[in-house]
Amino acid sequence: MMLCGIDAVLYYAPILFSQAGFSSQRASFLASGVSGIVNLLCTIPAQLWMDKWGRKFPLVGGGIAMTLCYLGIGTLYAIYGEKANGEVHINGKAPQWAVIALIYICIGNFAWSWAVVFKIYACEIMPTRLRAKACALQQLANWLVNFAVTLTAPMFLRASPSGPYFLFCSAAFFVSVVCYLFMPETKEKSLEEIEELFEKKMKSSESHLDTKFLFVEIAIDIGSKAMSAVNSRSQSHVRNVEQ
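Residues numbered from 1 in each chain as written. Predicted model: local features only at pLDDT ≥ 70, side-chain atom pairs only at ≥ 80, totals over all residues. Heavy atoms only, no water.

This next bit is on the overall build of the chain. The secondary structure content of the chain amounts to nine helices and two strands. Going residue by residue from the N terminus, the α and β elements of the chain occur as α-α-α-α-β-β-α-α-α-α-α. When burial is assessed residue by residue, the chain has 37% of its 243 residues classed as buried. Long-range contacts, defined as pairs at least 24 residues apart, comprise 78% of the intrachain contacts of the chain with a sequence gap of at least 6. (Helix = DSSP H or I, 4+ residues; strand = E, 2+ residues; numbered from the N terminus. Buried < 20%, exposed > 50% of the residue type's maximum accessible area, 1.4 Å probe, protein only. Contact = heavy atoms within 4.5 Å.)

Spelled out as structure tokens, the structure:
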């Protein structure tokens, strides 16, 4: 989840807004304050209507929306961005305001979707006997990735104006595709029903794997028999030639 770079956007919002045209430090901090308000307000709908929406729709829909936002920001930086005296800037008022608007839209889309739903989904799909340990491990991995992304983001932003946004775009799109193809819906299901759902999927996967392994074993057996037949024929041919 943290590979989508949302915390890098929130942590370094003053830098991003100064790059996008807010020249004064006060203006950039005010803009980053507005991003915090957007983040807070857009979290409310997810908490109110998440059980009505389900889990899959917010994760896929929010991921695609963030993908488009990052793609738009990266494209604008690639076309209008320039580096001067080690600083990144965007030329033109329209591209600057477009980047600012896309940053706000991206934060809002993360808040109503991934910010809430991922944490709940990651907890409710865990088996009851392992939930506490698994959730602790999941949060540890989440924050380690967050640390790595936020640590490298300033260097990445200085090295390439558009590169970080294309990276975040790719991560968000990949997660959205995985959720769409492989994520079971847990809407209106109890924890016990969710556990049964995943156990059935595991058994189904194991049966498919057993079938594949059976075909592989049959193919290997046929191949070994064919090789032994060829070897016996070649040996008999050699004997006939020697005689």
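Having seen the model, we can carry on.
For T150, the location among the structural elements is in helix α7 (residues 131–159). When its relative accessible area of 10% is taken as the criterion, T150 is described as buried. Among the polar contacts listed, one links the side chain of T150 to the backbone oxygen of N146, at a separation of 2.7 Å. (Polar contact = N/O pair within 3.5 Å; in protein donor to acceptor, adjacent residues only side chain to side chain.)

On to empty space enclosed by the protein. The tally for this structure, following the rule as stated, stands at one cavity of 30 Å³ or more. In this structure, the largest cavity occupies an estimated 40 Å³ of space. If you go around the largest cavity, the residues you meet are A8, V9, L16, A153, L157, P164, Y165 and F168. At the level of secondary structure, the elements contributing two or more residues to the lining of the largest cavity comprise α1 (6–11), α7 and α8 (163–182). Looking at the lining of the largest cavity, the element that brings in the most residues is α8, giving three residues. (1 Å grid on protein atoms, 1.4 Å probe; cavity = no way out; pocket = protein on both sides within 12 Å on 5 of 7 lines; lining within 4 Å. Points joined across faces, edges and corners; volume = space filled by probe spheres on them.)

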